[in-house]
Structure formats: structure tokens, C-alpha cells
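# Examining the three-dimensional arrangement
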Amino acid sequence: RNLQDTARIKRLSIEEWRKLAASFAAGTALGTDKTSFKLLAKLPEEGWKQLRNLFEKIMLAAVWPRQLLTTILALLPKKQGGTRTIGILPSIVRLLLSAYASEMREWDRRTALPGDTAAPGVCSQTAVASRALQIEMAAAQGRTTVQLLWDFEAYFDSLCTCEAISSLEKLGAP
């Protein structure tokens, strides 16, 4: 990417960044960087200028700095039993992602393919149940079924970031 790409990046004012940081609920957990949104909202103007500069460099490079790659996976108990996994990101990452969340959701909605079980508004449990039913029906009819299980770690380790970014840009991703 080059400096001409900056036109594609929505540039927020320092006041907009400050309001965004202040908009996180008071009880919002700290991220892995132990940075409070309340503290971020109180940054002086010079601090916001530096942070905004960092955000714009991240957006231009489409690469997170190593210091922001830490994600802690936590298991939360469910009311009906069992657990669900959540990822705890650095607060700085959460702030940056929230600034562009509406554009990303709109793009996801606009570009979702028919039958996309990860599309906005699609219940993953319904998709899983539907696939299981299709497999059971095929087996009952004596047909052979194949289920592909992905190793996401191997998949993402082999993903060429430059090609992915280029493809997303062609699709008009924010």
C-alpha cells in the first residue's frame, strides 16, 4: 500500500476518537494491554495525535504491530451448562475495530453469498443442525457423505496476507 491509499481510510478527528473511547461502558473489562477506555478518553491532544497516527499506519499497512497480537482466550460458563470461548483483545485493538465496525458489518451484509452460514443474522446453531440433518438424510439413503474439518491454525499460517488484502480491495472491503 502507499500514501495514495489514505483516501480510502476514514479519518476520525481527535474529538471523535475521544468520544469513541468514552462510549465504552464503565464496566468494560480491560484488554490484554491493561489500558482502560476511561483513561484513553482523557488522553491529552498530543497523545491522541500519536495514537491516531498509529491507527492510520496500521490501516495503511493492514498489519497489526506485534505488541498488539496478544489475545487471551477465556472460557465463560453458560447458564444452561457448558462454556463458551471469548477472545480478550488489547483495548487499543478494540478501539480501532469499533471505529470501523459499521462499515465492516455493512460490507459483510452486502457481499454475503447465498447460503453463507457466517453472514450477519445467520444462526450458527441452525447451520450446524441443517448440515447434520443433511448428512443423516444422505446416510439413511445409503449415500456416501464427506465432512471437511479445517485446521484453522494451519490455514491462517499458510494465508498470503498480500493476496488476501488485494482480493478484499477488489471486492470493495472497507
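To keep things clear, this report deals only with the structure shown in the data block. (Residues numbered from 1 in each chain as written. Predicted model: local features only at pLDDT ≥ 70, side-chain atom pairs only at ≥ 80, totals over all residues. Heavy atoms only, no water.)

## Details of the overall build of the protein
Counting secondary structure elements, the protein contains 8 helices and 2 strands. Along its sequence from the N terminus, the protein presents helices and strands in the succession α-α-α-β-β-α-α-α-α-α. Relative to the globule expectation of 16 Å for 174 residues, the C-alpha radius of gyration of the protein, 20 Å, shows a markedly less compact shape. By its C-alpha atoms, the protein is 70 × 45 × 30 Å across when sized along the principal axes. A burial count over the protein gives 21% of its 174 residues as buried. (Helix = DSSP H or I, 4+ residues; strand = E, 2+ residues; numbered from the N terminus. Rg over C-alpha atoms; globule rule 2.2 N^0.38 Å. Buried < 20%, exposed > 50% of the residue type's maximum accessible area, 1.4 Å probe, protein only.)

## So, the pattern of salt bridges
Side chains that carry opposite charge are capable of pairing whenever their charged atoms lie near each other. With the rule as written, the count across this model stands at 4 salt bridges. Arg109 is the salt-bridge partner of Glu106, the closest N and O atoms lying 2.6 Å from each other. You can see Glu106 and its partner Arg109 sitting in helix H5 (residues 101–111), 3 residues apart, about one turn around the helix. Counted as one network, the salt bridges with shared partners bring together Glu106, Arg109 and Arg110. (Salt bridge = Lys/Arg side-chain N within 4 Å of Asp/Glu carboxyl O.)

## Regarding the packing of helix H3 (residues 45–61) against helix H4 (residues 91–99)
It is at 11 Å that the axes of H3 and H4 come closest, and there the two elements cross at 70°. Here H4 runs roughly perpendicular to H3, going by the angle between their axes. Here H3 contributes Trp48, Leu51, Phe55, Ile58 and Met59 to the contact with H4, which in turn contributes Ile92, Leu95 and Leu96. Here the contact of H3 with H4 is composed, by residue class, of 8 nonpolar, no polar and no charged. (Axes fitted to C-alpha atoms, helices over the stretch in contact; angles between N-to-C directions. Parallel < 35°, antiparallel > 145°, perpendicular 65-115°, else oblique. Contact = heavy atoms within 4.5 Å. Nonpolar A, V, L, I, M, F, W, Y, C, P; charged D, E, K, R; others polar.)

Such coordinate-based values are descriptive only and should not be taken to indicate function.
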